[in-house]
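Take a look at the letters that make up each chain.
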Amino acid sequence: IDRPVAASFGDIVQLVGSNAAPEIAVAPGAPISLTLVWQPLRTTSQSLVRFVQVLDANGKLVAQQDTIPCDGACPTSSWWAGEYLLDPVRVMLPPETPAGEYQLIVGWYDTDSQQRLPGFNVVGQSLEDDVFTLPGQVSVNR
């Protein structure tokens, strides 16, 4: 794991790290690529989706990817407590994305209720909006 982190979502899954450079530089219209490393805490019958969002300096949504982890190959019904899931992320930036610094956030939601799983940091405090801000910056360069 290049960048260890600790966040949990519900009592179901925890983020243990990401494989990405500390600074990701991309051009407008290009993808932001990294790999998230998850560890399920238990098996669940809930149908959950992981989301990654790209936010500008004002917190405005620029792009996002919502998917079942592992490019759709790891639905929650297949999870085993304690295993590790390597979850490739590829978020396409719009071609009109202005140059600047951006932040990546991650979270989970239930597909049936559309409700986000509650997010917690390493000491158990609630995460604002139930999302975890990934370390590092994304720089968009024209």
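Shown above is the structure to which this text applies.
Residues numbered from 1 in each chain as written. Predicted model: local features only at pLDDT ≥ 70, side-chain atom pairs only at ≥ 80, totals over all residues. Heavy atoms only, no water.

Draft legend 1. Quick look at the sheet that holds strand β1 (residues 3–9). Read from one edge to the other, the open sheet built from 5 strands follows the order β7-β4-β2-β1-β9, with strand pairing classed as antiparallel. Across the chains shown, the open sheet's two edge strands, defined by having one partner strand only, are β7 (85–92) and β9 (119–121). For this sheet, the mean inter-axis angle between neighbouring strands, taken without regard to orientation, is 35°. Inspection of the sheet shows strand β4 (residues 31–40) paired to β7 by 8 bridges, in the antiparallel sense. Residue pairing for β7: Pro31 is matched across the bridge by Met92. (Pairing = 2+ DSSP bridges. Helix = DSSP H or I, 4+ residues; strand = E, 2+ residues; numbered from the N terminus. Axes fitted to C-alpha atoms, helices over the stretch in contact; angles between N-to-C directions.)

Draft legend 2. Broad picture of empty space enclosed by the protein. In the structure shown here, the tally under the stated rule is 1 cavity of 30 Å³ or more. Roughly 90 Å³ of internal volume is contained in the largest cavity. Lining the largest cavity we find 13 residues, and of these Ala20, Ile24, Leu104, Leu134 and Pro135 sit closest to its centre. Looking at the lining of the largest cavity, its residues break down into 9 nonpolar, 3 polar and 1 charged. (1 Å grid on protein atoms, 1.4 Å probe; cavity = no way out; pocket = protein on both sides within 12 Å on 5 of 7 lines; lining within 4 Å. Points joined across faces, edges and corners; volume = space filled by probe spheres on them. Nonpolar A, V, L, I, M, F, W, Y, C, P; charged D, E, K, R; others polar.)

Draft legend 3. Local environment of the packing of aromatic side chains. Throughout the structure, instances matching the rule amount to 4 aromatic pairs. Aromatic pair Phe9 and Trp38: ring centres 6.0 Å apart, planes at 65°, arrangement edge-to-face. Taken together, the residues span a long stretch of sequence, with Phe9 in strand β1 and Trp38 in strand β4 at a distance of 29 residues. No difference in accessibility class separates Phe9 from Trp38, as the two residues are buried. (Phe/Tyr/Trp six-rings, centres within 6.5 Å; stacked < 30°, edge-to-face > 60°. Buried < 20%, exposed > 50% of the residue type's maximum accessible area, 1.4 Å probe, protein only.)

Draft legend 4. Fine view of the environment of Gln103. The residue Gln103 is located in strand β8 (residues 100–110) in this model. Not counting chain neighbours up to four residues away, the residues in contact with Gln103 comprise Gln53, Val54, Leu55, Thr133, Leu134, Gly136 and Gln137. A distance of 3.1 Å separates a polar atom in the side chain of Gln103 from the backbone oxygen of Gly136. Of note is the side chain of Gln103, whose polar atom sits 3.0 Å from the side chain of Gln137. (Contact = heavy atoms within 4.5 Å. Polar contact = N/O pair within 3.5 Å; in protein donor to acceptor, adjacent residues only side chain to side chain.)

Draft legend 5. Up close: the pattern of salt bridges. Overall, the coordinates contain 2 salt bridges when judged by the stated rule. Put simply, Asp11 and Arg42 hold a salt bridge, and the shortest N to O gap is 3.0 Å. Of this pair, Asp11 sits in the loop between β1 and β2 (13–19) while Arg42 sits in the loop between β4 and β5 (48–55), and the two are 31 residues apart along the sequence. In this structure Arg42 comes out as partly exposed when scored by relative accessible area, which is 31%. In this structure, Asp87 and Arg50 form a salt bridge, with 2.8 Å as the shortest nitrogen-oxygen distance. With Asp87 in strand β7 and Arg50 in strand β5, this pair connects stretches of sequence that are 37 residues apart. A relative accessible area of 0% means that Asp87 is categorised as buried. Judged by relative accessible area, which is 0%, Arg50 ranks as buried. (Salt bridge = Lys/Arg side-chain N within 4 Å of Asp/Glu carboxyl O.)

All we've got here are geometric facts, nothing functional implied.
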